[in-house]
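What follows is each chain in one-letter form.
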Amino acid sequence: MSGKAFLVDTTKCSGCRACQVSCKQWNNLPAEKTTFFAGPEYTNPAELSAITFNHVKFFPIDRSHPGKPLWTIMHKKCYHCEDANCIKVCPQEAISKVEGWTVIDQSKCIGCGACVNECVYKVPHVLDETMPKYGAEGSIQKDKSYKCHACMQNKRDVPLCAQHCPTGALTYGDRTALVKRARARLKEIAAEYPRASIYGLEQYGGLRVITVLKDSPEKYGLPLNPEPIDMHKAEAIRNTYHLISLFSFGLPSLKRVAYRISRSMVG
Amino acid sequence: MPVTRRDFLKLTGMTAAGAFIGGTTFLTGCKSADKLSGTKESTTICPYCGVGCGLIVSARDGKVINTEGDPDHPINHGALCAKGSALFQVAVNERRLKKVQYRKPYGTQWEEISWDEAIKKIARRVKDARDATFQEKEGAVAVNRTTGIASLGGAALDNEECYVLSKFARTLGITYLEHQARI
Amino acid sequence: MTNHWIDIKNADVIMIIGSNAAENHPASFRWILKAMQERDAKLIVVDPRFTRSASMASLYAPLRPGTDLAFLGGIINYALGKNLIQKDYVTEYTNASYLVNPAFTFNDGLFSGYEPGKRSYGDRKTWTYQMDTKNIPKRDKTLKDPRCVYQLMKKHYSRYTPEMVERVTGCPKETFLKVAETFTSTHKPNRVATIMYAMGITQHTVGTQNVRALAILQLLMGNMGVAGGGINALRGESNVQGSTDHALLFHILPGYLPAPDVKAHPTLEAYNNSAPKTEDPMSINWWSHRSKYTVSLLKAWYGDAATKENNFCYDWLPKKSKGVPFIVLFEDMLKGVMKGAFFMGTNPIVGGPNANRNALAMEKLDWLVAADIWETDSSIFWKRPGANPAAIKTEVFLLPAASSVEKEGSVSNSGRWAQWRYKAVDPPGPEKTRGKSDLDILDLIFRELRELYKKEGGKFPDPILKANWNYIPEGEHEASPHLVAKEVNGYTWPDKKQVKNFVDLKDDGSTACGNWLYSGSYPGKNMMARRGTSDASNKIGMYPEWSWCWPLNRRIIYNRAAVNRKGEPWDSSRWVVKWTGSKWKGDVIDGGPTAGPEAKNPFIMNNEGVGRLFAPGKILTDGPLTEHYEPMESPVANLFNSQKVNPASMIIDEVRGQFGNAGQYPYIATSYRVVEHWQAGAMTRNLPWLNELVPDMFCEISPTLAAAKGIKNGDRVAIYNARGTIKAYALVTERVQPLVVNGRPMEMIGMIWHFGPGCAATGDACNQLTPSIGDANTMIPEFKAFLADIRKEA
């Protein structure tokens, strides 16, 4: 798999959350309203959302870890699967690959939620309320699905999240080189983190976000062998949806219902 | 051939030096991002902690469009933390004051007054306080000080401002002079 | 910082103590990780909590807040006891071999000369060296004389055993020993440790002694002056280095000249005579140049009015009769001493100790001028929760200020680099009413004041009428930072030709210089605006062509200590300077380019010329060696001696009744910051992206304390002591653990101090709980260790 990728090295992440903020700035995304902390430790908001394309999760500390207490802080964004469920199920063909990255074309998106349902990583989200952009003209339209586009929509040479990472925990470059670096890193940290692992080499035909983890992927809620959705099944869902959605009167809420019905009909 | 931001900044190293002479910022030819087309770029240093990371500020029509880490800065090489990454929201923020706010004694809300009125009133208050409390001698020793006025703050000011504040305070005879370094 | 940020990459051991650099100085971790990855450097983090810095550490050591001196004394004892010191360095470049006055004693926590009634050490006349007939301190370079500093230290620190360290600090002995072993591995000339510290070290009643202990350790290891070494104070604000250099403090004038004092400096002659002296031909004693810097400062301020005949207007400088550190200043404000105050970009109602008391003090002001980019907690003190605006007399002027991207000027980072910033845009709003730079604001007020004195006369008008104050370039309307920077650099008088650097300064009135330390920053060209990215010949990451650093663009200070007496680097693989036999190569050498390594001692700002393991004379108020005392509010007795608290720390009578004990408030409380907010919060609590990450005031407690108090994660709690009660969310985390102190588990309440009643994200201020007591030398408040109790809110 050639082209660009991100490497997330959780052994180098100090949890400063520059990535989370930088993404909001480059994309003029508004802040979320939060109270206290929505997730474990300092995690805020709880997960990715339609206006949060980069997220940092602070896992509870593991004091039983051999050697020293283990505190994992993990950057998460769209993994940009090579064989992406979201692309396959989108009835509008609004999601496509641009230079290897999975990008949603909001002008085509109808907010049906198909991509949301089929993403095992819970990455894309449909926006409920139209919101003004922060610090720029225009707004972010409701009833559209949003997620990380690897700066393909507001193009730049190196995505700001990776440029701003002060510790080198999030880097951007050629995937082949990054995979090599991840493997080398795994050897370097073997003594300190005996259960360390790499995630993203094979899942969904290979991910464009490779993660070096301090422990096994399951510890961080990352499925080892997720099943890509079957091509025929995806097509059947799309066909059924096209039929049922004729009765949605163009209303996004009904379109989402239509999608759920189609999915359950196809099974 | 498209110019990357990093190459571009290298090319403009000389322009940056020239920038201070003319007091203007330098133009980018950066084509890699539409968002930044037609912006003027200038360099700055992060106003938060004492690391002193470099940033590039891009502005168009007198408005800040983007702030990001300066790739040529030897300390941060283009990186920033969450606070540095949020600098944009200091420049572009609806809470920024656009007029002098004035609260009269026992007042319950702000009023807006002009700069001219504010400066005149402040100078009057300073003079009255200084004249009422000024002490020229303690025993036989000249002390030339006022206990009527205190000055606090300055760690977020530029060096040139700190120096002038230091000189301002001493010229008036202020000895109640403190700032964040003590706390 | 004696060294600078990039230099951290040259270290073999990095000890972070009293700092949480991953959160408060995140970019530093770029260089820490580089050292770890490329040199296999070890990162030691010593902190009461398992912080984001600790998560990156090779070795994490917990300790009870306020016990750093026990911990560091333990390492000093480990090094001295096992002879893990860099012998040649210690013998040549420190005062280890100096013989101390036979009358100097230390007994049960008290050094000789203590006056209990005054809570002070009086004249400290026994804290001195034995002098020879030439008035040079006597030395024994074999280090065997029982009165030499080295032998006194061996005895003094022998009480700091690993067992005592564990009993007092709560750090398990095995963990402590690992830290001691790792750190002292750098006593070898080819191994170096850096120490990174911040307010966790300084904000204690023993803050200065904490820093001293770090300096002692680095001197014993031979880690000062070398690449990858030094003691590195991590500055928390972008220009707190510069604002200190320019003396926005009661006790100094620009460039660390002492502020004139009625008793010590009644005349210019007395002032000049108070400069440190030496008879030792090996000592450079740089402060012997002080009169040149003083007279040049007076010329910069008073211009033509300052003449030799009138002692260059020395008497125009205000003289102090007492110290007025922040805590005292606010006590005096509460007494109604001041009529008005300027707050220039500061938020003391959140940032100062005992914040409720400070708010009451502000109500006593007739007027307040605040310059800020938006409303802060302090500028709205008159409408803070619980206050009745209709009963508060203070007239408030809130002046809109320009933000850092809306004006031009320089800021100095922790590594002493003065870096130039450019103006990108105007402040927001209509031209007539919008914000102005602080420089412009001060210039406008000063010129208006001058007009008033011209018109009306008034008390002692001369300084105001005759000050050298011309900052508006011809044909322009705003004060120019370039004109200020040129004055700071210095020029000849009266023809105003820029001087090259402070070596050109004179004490005859022929030069004017606003701050000798910055002389060289603008000798014609603005050196602070330089963007050269080439490294120096020693290739250690000094980048000497990037911006400019004081003094004289010297990137590592005390760099004469980086070589042996022959001028050879202790470690040639990361050399800072070297002597070729006739000149120096590498960094700008300390103390002048002509003196060779055998001719002069390296610590040029000390009149001995060597590093002070023992601090003689009146340098410190609380002892020439370090000693552990408990914080003012502590749950345990002092196990090292029968003095509970630093016997020289000043206690203000008015707040004596507010100190609590463990019977009333059983838990150790401490305060700190997080990466998502900054200081008193005024610059971050209005930024929605940061408020998304940390929206509320919170405290951190262990699961065991939470269970004992029936508190669950996310519950609202009240934290309280005699000074106040605050509300917060509770973050119950395994990262906070009770520590076993003298056999008893002790719980802790950790609090962020970023919140206050103003701005977009509001919350109670932690400093409503912190005590009005400070370090014996600096009076920096004891924010890091006090007592409180906690309860769940219904």
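All values reported here derive from a predicted model rather than from experimental measurement. (Residues numbered from 1 in each chain as written. Chains lettered and ligands numbered in written order. Predicted model: local features only at pLDDT ≥ 70, side-chain atom pairs only at ≥ 80, totals over all residues. Heavy atoms only, no water.)

## As for the overall build of chain C
- Counting its regular elements, chain C contains 20 helices and 27 strands.
- Taking 28 Å as the expected radius of gyration for a compact globule of 794 residues, we find that chain C reaches 26 Å, a close match to that expectation.
- In terms of overall dimensions, chain C has a C-alpha envelope of 75 × 70 × 55 Å along the principal axes.
- Restricting to contacts in chain C with at least 6 residues of sequence separation, those with at least 24 account for 71%.
- Here chain C has roughly 24400 Å² of accessible surface; of this, 51% comes from carbon and sulfur atoms.
- Treating the 94 positive side-chain charges of chain C as one cloud and the 81 negative ones as another, the clouds have centres 3 Å apart. (Helix = DSSP H or I, 4+ residues; strand = E, 2+ residues; numbered from the N terminus. Rg over C-alpha atoms; globule rule 2.2 N^0.38 Å. Contact = heavy atoms within 4.5 Å. Areas by Shrake-Rupley, 256 points an atom, 1.4 Å probe, with all protein chains shown as cover. Lys, Arg positive; Asp, Glu negative; His and termini not counted. Charge placed at Lys NZ, Arg CZ, Asp CG, Glu CD.)

## A look at the interface of chain A and chain B
- At the junction of the two partners, chain A supplies 20 residues and chain B supplies 21 residues.
- Taken together, both faces of the contact between chain A and chain B bury some 1600 Å²; the carbon and sulfur share is 50%.
- Along the contact surface separating chain A from chain B lie one salt bridge.
- Two residues, Glu68(B) and Arg156(A), come together in a salt bridge whose shortest N-O distance is 2.8 Å.
- Counting across the chain A and chain B interface gives 13 residue pairs in polar contact (both at pLDDT 80 or more).
- Elements represented by at least two residues in the side of chain A that touches chain B include exactly helix H1 (18–26) and helix H4 (160–164) of chain A.
- Along the lines of polarity and charge, the residues of the side of chain A that touches chain B split into eight nonpolar, eight polar and four charged. (Buried area = accessible area lost by both parts, 1.4 Å probe. Salt bridge = Lys/Arg side-chain N within 4 Å of Asp/Glu carboxyl O. Polar contact = N/O pair within 3.5 Å; in protein donor to acceptor, adjacent residues only side chain to side chain. Nonpolar A, V, L, I, M, F, W, Y, C, P; charged D, E, K, R; others polar.)

## Quick notes on the packing of helix H6 (residues 159–172) of chain B against helix H16 (residues 438–456) of chain C
- Put simply, H6(B) and H16(C) touch, their axes get as near as 9 Å, and they point 25 degrees apart. When the interaxial angle is binned, H6(B) and H16(C) end up roughly parallel. Considering only the axes of H6(B) and H16(C), their crossing is left-handed. Here Glu160(B), Glu161(B), Val164(B), Leu165(B), Phe168(B), Thr171(B) and Leu172(B) of H6(B) lie close against H16(C), whose contacting residues are Asp438(C), Leu439(C), Leu442(C), Ile445(C), Phe446(C) and Leu449(C).
- Partitioning the contact of H6(B) with H16(C) into residue classes produces nine nonpolar, one polar and three charged. (Axes fitted to C-alpha atoms, helices over the stretch in contact; angles between N-to-C directions. Parallel < 35°, antiparallel > 145°, perpendicular 65-115°, else oblique. Left-handed = near helix turned anticlockwise from the far one by under 90°.)

## Examining the environment of Tyr114(C)
Residue and element names in this part refer to chain C.
- Along the chain, Tyr114 turns up in the loop between strand S5 (110–111) and helix H5 (149–157).
- Its relative accessible area of 17% is what places Tyr114 among the buried residues.
- Linking Tyr114 and Arg124, residues ten residues apart in sequence, is a C-alpha distance of 8.3 Å.
- Contacts of Tyr114, omitting those with residues within four sequence positions, involve Arg119, Ser120, Tyr121 and Pro647.
- From its side chain, Tyr114 meets the backbone oxygen of Pro647 in a polar contact 2.6 Å long. (Buried < 20%, exposed > 50% of the residue type's maximum accessible area, 1.4 Å probe, protein only.)

## Some thoughts on the sheet that holds strand S14 (residues 417–421) of chain C
- A sheet is described by the order of its strands in space; here three strands give the open sequence S13-S14-S17 (chain C), paired in antiparallel fashion. One side of each edge strand has no neighbouring strand; the edge strands of this open sheet are strand S13 (409–412) and strand S17 (548–549) of chain C.
- Pairing of S13(C) with S14(C), which is carried by four bridges, proceeds in the antiparallel orientation. For Val411(C), the partnering residue across the bridge sits in S14(C) and is Gln419(C).
- The sheet strands contacting H6(B) are S13 and S14 of chain C, and the helix crosses S13(C) at an angle near 90 degrees. (Pairing = 2+ DSSP bridges.)

## Focus: the domain arrangement of chain C
Residues and elements named next belong to chain C.
- As far as domains go, chain C holds domain 1 (251–320 + 480–525), domain 2 (326–413 + 417–465) and domain 3 (653–792).
- For domain 2 versus domain 3, the distance between C-alpha centres works out to 28 Å.
- On the side of domain 3, 29 residues touch domain 2, which itself brings 21 residues to the contact.
- Lys335 serves as the salt-bridge partner of Glu654, at 3.9 Å between the closest nitrogen and oxygen.
- Remark: the boundary between domain 2 and domain 3 carries 13 residue pairs in polar contact (both at pLDDT 80 or more).
- Of all the elements in the fold, those that place two or more residues in the side of domain 2 that touches domain 3 are helix H13 (326–334), helix H14 (348–351) and helix H15 (355–362). (Domains from an automatic or database assignment.)

## Examining the interface of chain C and chain B
- With 174 residues of chain C in contact, the opposing surface of chain B contributes 116 residues.
- When residues of chain C are sorted by the area they lose upon contact with chain B, Leu248(C), Tyr422(C) and Arg531(C) head the list and together hold 6% of the total.
- The shortest N-O distance in the salt bridge between Arg531(C) and Asp70(B) comes to 3.0 Å.
- For the pair chain C and chain B, the interface holds 91 residue pairs in polar contact (both at pLDDT 80 or more).
- Ranked by the residues each element gives to the side of chain C that touches chain B, the list is headed by H16(C), at twelve residues.
- Its residues placed into classes, the side of chain C that touches chain B shows 102 nonpolar, 42 polar and 30 charged.
- Here strand S5 (residues 100–103) of chain B pairs with strand S12 (residues 395–400) of chain C via three bridges, running antiparallel.

## Quick word on the packing of aromatic side chains
- Inspection of every chain in the model, using the stated rule, returns 59 aromatic pairs over all chains.
- Ring centres of Tyr48(B) and Trp678(C) lie 5.5 Å apart, and the angle between their planes is 80 degrees; this geometry places the pair in the edge-to-face category. You can see Tyr48(B) sitting in the loop between strand S2 (40–45) and strand S3 (54–60) and its partner Trp678(C) sitting in the loop between strand S20 (667–672) and helix H19 (688–693), one on each of two chains. Each of the two residues, Tyr48(B) as well as Trp678(C), counts as buried.
- Among the aromatic residues, those joined into a ring-pair cluster are Phe36(A), Phe37(A), Tyr42(A), Phe58(A), Trp71(A), Phe698(C) and Tyr729(C).
- For Arg208(A), the ring lying beneath its charged end belongs to Trp101(A), and the centroid distance is 6.0 Å. (Phe/Tyr/Trp six-rings, centres within 6.5 Å; stacked < 30°, edge-to-face > 60°. Lys NZ or Arg CZ within 6 Å of the ring centre and 35° of its normal.)

## Some details on the confidence of the model for chain C
- For chain C, per-residue confidence averages 98 on the pLDDT scale, and residues scoring 70 or more make up 100% of the total.
- Overall fold confidence for the complex sits at a pTM of 0.96, while the interface term, ipTM, reaches 0.98. (pLDDT = per-residue confidence, 0-100.)

## As for the domain arrangement of chain A
Residues and elements named next belong to chain A.
- As far as domains go, chain A holds domain 1 (1–228) and domain 2 (230–267).
- Taken over C-alpha atoms, the centre of domain 1 sits 28 Å from the centre of domain 2.
- Taken together, the 15 residues of domain 1 in the interface contact eleven residues of domain 2.
- With both chains or domains summed, domain 1 and domain 2 bury close to 1200 Å², and 55% of this area falls on carbon and sulfur atoms.
- The tally of links between domain 1 and domain 2 comes to two salt bridges.
- Our enumeration of links across domain 1 and domain 2 arrives at six residue pairs in polar contact (both at pLDDT 80 or more).
- Of all elements in the fold, only helix H2 (85–89) and helix H3 (114–118) reach the threshold of two or more residues within the side of domain 1 that touches domain 2.
- Ranked by residue count, the leading element in the side of domain 1 that touches domain 2 is H3, at three residues.

## What to know about the pairing of strand S2 (residues 42–46) of chain C
Residues and elements named next belong to chain C.
- With four of five residues buried, S2 is to be regarded as a mostly interior element.
- Note that strand S1 (residues 13–17) and S2 share five bridges and pair parallel. Paired with Ile17 across the bridge in S2 is Val46.
- The pairing of S2 with strand S3 (residues 59–61) spans three bridges and is classified as parallel. Following the sheet pairing, Val46 is matched in S3 by Ala61.

## Brief notes about the pairing of S2(B)
Residue and element names in this part refer to chain B.
- Burial runs high along S2: five of the six residues are buried.
- Looking at chain direction, S2 and S3 are connected through six bridges and run antiparallel. From the neighbouring strand, Glu41 faces S3, where its bridge partner is Ser58.

## Side note on the nonpolar core
Residue and element names in this part refer to chain C.
- Core analysis: the biggest nonpolar cluster contains 205 residues, and Ile719 and Met751 have the highest contact counts within it.
- At seven residues, H13 tops the list of elements feeding residues into this core.
- Sequence-distant contacts of Met751, that is, excluding residues within four places in its chain, are made with Ala669, Thr670, Ser671, Tyr672, Met697, Phe698, Cys699, Ile719, Ile726, Cys766, Leu769 and Phe786. (Core = buried A, V, L, I, M, F, W, Y, C linked by side-chain atoms within 4.5 Å.)

## Structural notes on a nonpolar patch on the surface
- Judged by side-chain polarity, Phe249(A), Leu251(A), Leu254(A), Val257(A), Ile261(A) and Met265(A) come together as a nonpolar surface patch covering roughly 570 Å² of accessible area.
- Structurally, the position occupied by Ile261(A) is in helix H7 (residues 252–266). (Patch = residues over 30% accessible without salt bridge, like charges linked within 9 Å, V, L, I, M, F, W, Y side chains within 5 Å.)

## Comments concerning the pattern of salt bridges
- One pass over the structure, following the stated rule, counts 74 salt bridges over all chains.
- Here Arg185(A) and Glu188(A) are joined by a salt bridge, their closest N and O atoms 2.7 Å apart. In this pair, Arg185(A) and Glu188(A) both sit in helix H5 (residues 175–188), three residues apart, roughly one turn of the helix.
- Arg185(A) sits in the buried class, given a relative accessible area of 15%.
- A relative accessible area of 47% means that Glu188(A) is categorised as partly exposed.
- Here the salt bridges do not stand alone but share partners, grouping Arg124(B), Lys127(B), Asp128(B), Asp131(B) and Glu456(C) into one network.

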